[in-house]
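Here's the letter readout for the chains.
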Amino acid sequence: MRSTRVPVASTLLAAAVFAVAGDAAAQSAKQEDPIPATPAQDLTAIQRSFTLQPAPPLTVFPELREQWKDTPAFLRDSKFDINFRSYFRDEVTNAPNSVGIKQAWAGGGSVSLETGRLFDIFSVGAVLYTSFPIVAPPDYGNTGLLLPNQQGYAVFGQLYGRARLFETHHATIGRYYYDTPFLGPHDNRMTPNTFFGYTLTGTFGTTDGGGPSFRYGGGWIGAIKPRDAIDFQSMGSKAGAPLSNSGVGVLGGTLTWGPASIGAIEYYSEDILNIFYTEAKYGVSFGEGFSAFGAAQFVAQNSTGQALLNGGNYFATNQFGTKIDFGYNTGILTVGYSVVNPSFAIQTPWSANPFYTDAQIQAFQRPGEQALMVGLSYVFTPIGLPGVAASVFYFNGWTGAPAAGAPLVENEWDFNLEWRPNWKPLQGLWLRARYGTSSVWQSNTRTNIDEVRLILNYNIKLY
């Protein structure tokens, strides 16, 4: 029995008050995006790759811009913003012979500063991430919100320099935030993964979406700060080879032309892992509020060199996925499918599984696993509730591959309710309540996982 569990209703209320004042819980980056109002807003993993982080919508002290208009660009064009975050997570795993509990309520967020360009070329930036316990029972740790022992932390997850080579081309060095399918933020706790490395990113072509546009990125990533840690470690070590200092070479690009896009990314880590990922998407509008898009994705993975990720044993595997969104006004019906090669599970050491069937709790990436997903979402603005949106998704996965152990069947329901007000003083506020429930049947046993997440973000640009 747990006498220390925090009632859900009181926690949600407290979260709102605070704002003003290898885990089973896999989660794709897509699941941390706002609920889209149309299929066109439902961004896939490849579409987010190599893009600069957007600025917060609200400026608290706009008069500073006016006062600094005659100062050098290094000061005049600087940006300073704060992101408040409050996060409650409660997960209960009921296995045949045990009960596992993870629970914490954490508060904190990030403070970021980026200068303007010196000589119209160089700028520097830093982001301090913090997370501290509000309610954190010591026996219910490993929530990912705090350090594993339920202690708080503060860390400069980003500390970088950037050079503008041309108008839309940038070189970045140092600790930074990257968002790509298999090397990304996995930002579904208090702080994201961040990385140390050297990269070159840019765009050719139009930026208004009308004509063709090619966005590219490449470089070398040597270390990662995991989302629940304060120290950077080598990419090889994070992948599961503790004595490896291997980094990751990355190169990829995306071509977009109107409603169509196609892209690919290659990741190579010596003696660890090679990953090739590609994805294509096409959207269409039928008029009268009807629209749709279809997308397909494929990943191929194999060990490299000494195969340190698998004890010196070579492996190769792949996964294919596809989905279709059908939209009417602000409602969307989503159907998706994925299948994994039966020889080996998909590896995700530096991010989450970017596949369409990645759910709140289960990742559906076991050897040979097939998964079906059906979801409904709706943004309630047309019926007088601006900024309110809800979704429900069902997932079903199964595999009989020997590499997965005994034959297995698993399913999951995910429910999401969010509010993003468009009233100017509250722009940047995002409240979410999420609930997931999962069941796994294997070897005549059943394991249930129930998880509640209550999340508040409030992003404010001070100037």
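Residues numbered from 1 in each chain as written. Predicted model: local features only at pLDDT ≥ 70, side-chain atom pairs only at ≥ 80, totals over all residues. Heavy atoms only, no water.

**With respect to the overall build of the chain**
Spelled out, the test is: A run of DSSP states H or I qualifies as a helix once it reaches four residues; a run of E qualifies as a strand once it reaches two. Both are numbered from the N-terminal end. Buried, partly exposed and exposed residues are distinguished by accessible area as a fraction of the type maximum, computed with a 1.4 Å probe on protein chains only: under 20%, between the cut-offs, and over 50%, respectively. Where accessible areas are quoted, they stem from the Shrake-Rupley method and a 1.4 Å probe; at the residue level, only the protein chains shown are allowed to cover.
Scanning the chain from terminus to terminus reveals five helices and 19 strands. Here the chain holds 463 residues, and 51% of them are scored as buried. Total accessible area on the chain stands at roughly 20200 Å², and carbon and sulfur atoms take up 63% of it.

**Structural notes on the pattern of salt bridges**
Our working rule: Here, a salt bridge means any Lys or Arg side-chain nitrogen found within 4 Å of an Asp or Glu carboxyl oxygen.
Within this structure, the stated rule accounts for 14 salt bridges. Among the ionic pairs, E114 bridges to R162, the shortest N-O distance being 3.0 Å. With E114 in strand β2 (residues 98-114) and R162 in strand β4 (residues 153-166), this pair connects stretches of sequence that are 48 residues apart. Its salt-bridge partner being R117, residue D120 comes within 3.4 Å of it at the nearest N-O pair.

**Brief notes about the packing of aromatic side chains**
Keep this limit in mind: By convention, a stacked pair of Phe, Tyr or Trp rings (six-membered ring in the case of Trp) has centres within 6.5 Å and planes under 30 degrees apart, an edge-to-face pair has planes over 60 apart, and any other such pair is tilted. Our definition puts a charge over a ring when NZ of Lys or CZ of Arg is within 6 Å of the ring centre and also within 35 degrees of the ring normal.
All chains considered together, the criterion is met by 17 aromatic pairs. Pairing Y394 with W413 gives two aromatic rings, centres 4.8 Å apart and planes at 45°, and the pair type is tilted. Of the two residues, Y394 sits in strand β16 (residues 388-399) while W413 sits in strand β17 (residues 408-419), which places them 19 residues apart along the sequence. For the cation-ring pair, K281 lies above F293, with the distance from its terminal atom to the ring centre recorded as 4.2 Å.

**Describing the environment of G397**
Inclusion rule: Any two residues having at least one pair of non-hydrogen atoms within 4.5 Å are treated as being in contact.
Relative to the helices and strands, G397 resides in strand β16. A C-alpha to C-alpha distance of 9.6 Å links G397 and Y337, two positions 60 residues apart in sequence. In contact with G397, other than residues within four places in its own chain, are F364, E369, Q370, A371, L408, V409 and E410.

**As for unusual backbone geometry**
At D271, a residue that is not glycine, the phi angle is positive and equals roughly 65°. On the accessibility criterion, D271 (15% relative accessible area) is buried. The backbone phi angle of N329 is positive, close to 55°, even though this residue is not glycine. By secondary structure assignment, the location of N329 is in the loop between β13 (316-328) and β14 (331-340). Judged by relative accessible area, N329 falls into the partly exposed class, the value being 41%.

**Some thoughts on the side chain of D271**
Using the following cut-off: Positive charges come from Lys and Arg alone, negative charges from Asp and Glu alone, with His and the N- and C-terminal ends not counted. Contacts described as polar in this section are N or O atom pairs within 3.5 Å, which, within protein, must combine one atom able to donate a hydrogen with one able to accept it, while residues neighboring in sequence count only if both atoms come from side chains.
Tracing the backbone shows D271 in the loop between β10 (260-269) and β11 (273-287). Here D271 occupies a buried position and makes no salt bridge, while the nearest side chain of opposite charge, K238, is found at 19 Å. A polar atom in the side chain of D271 sits 2.8 Å from the backbone nitrogen of Q306. If near-sequence neighbours (up to four positions away) are discounted, D271 is found in contact with T304, G305, Q306, A307, L308 and L309.

**A few points about the pairing of strand β1 (residues 79-95)**
Condition: A strand pair is defined by DSSP finding two or more bridges across the two strands.
Judged from the 17 bridges that link them, β1 and β2 form a sheet pairing that is antiparallel. Note on β2: the bridge partner recorded for I82 is V111. Taken together, β1 and the strand that follows it, β2, pair antiparallel across an intervening segment of two residues. Pairing geometry for β1 and strand β19 (residues 445-461), over 14 bridges, is antiparallel. When the sheet's bridge partners are listed, F88 is paired in β19 with L454.

**Quick notes on a nonpolar patch on the surface**
This is how the line gets drawn: The patches reported here contain residues having more than 30% relative accessible area and no salt bridge. Joining distances are 9 Å for like charges and 5 Å for nonpolar side chains (Val, Leu, Ile, Met, Phe, Trp, Tyr).
Together, F74, L118, F119, I121, F122 and V124 line one region of the surface with nonpolar side chains, adding up to about 570 Å² of accessible area. Inspection of the secondary structure assignment puts I121 in the loop between β2 and β3 (122-135).

**Considerations on the pairing of β14**
Pairing geometry for β13 and β14, over ten bridges, is antiparallel. Bridging across to β14, K323 finds its partner in G336. Where β13 folds back on β14, the antiparallel hairpin that results is connected by two residues, among which N329 adopts a positive phi of roughly 55°. Sheet topology note: the β14/strand β15 (residues 370-379) ladder contains nine bridges and is antiparallel. Paired with G331 across the two strands is Y378, which belongs to β15.

**Topic: the side chain of D81**
As for its position among the elements, D81 is in strand β1. It turns out D81 is buried and unbridged, and the closest side chain with the opposite charge, K79, is 7.1 Å from it. Side chain to side chain, D81 and S112 meet in a polar contact 2.9 Å long.

**Remarks on the nonpolar core**
Counted only if it meets this: Put simply, buried Ala, Val, Leu, Ile, Met, Phe, Trp, Tyr and Cys residues joined by side-chain atoms within 4.5 Å make one nonpolar core.
In this structure, F182, L183, F195, M235, Y267 and W350 are the most contacted members of the largest nonpolar core, which totals 29 residues. In this view, F182 contacts Y267, I275, Y277, V299, Q301, I346, Q347, T348, W350, S351, P354 and F355; residues no more than four positions away in its chain are not counted.

**A few points about the confidence of the model for the chain**
Threshold: Each residue gets a pLDDT score, which is the predictor's confidence in that residue and runs from 0 to 100.
Within the chain, residue pLDDT values average 89, and 89% of them lie at 70 or more. By mean pLDDT, the top-scoring element of the chain is β14 (98), and the lowest-scoring one is helix α1 (residues 8-20) (34).

**Let's talk about the environment of G144**
Looking at where G144 falls in the secondary structure, it is placed in the loop between β3 and β4. For G144 and K102, which are 42 residues apart along the polypeptide, the C-alpha to C-alpha distance reads 9.3 Å. Apart from the residues within four sequence positions on either side, G144 is in contact with R89, R189, R227 and D228.

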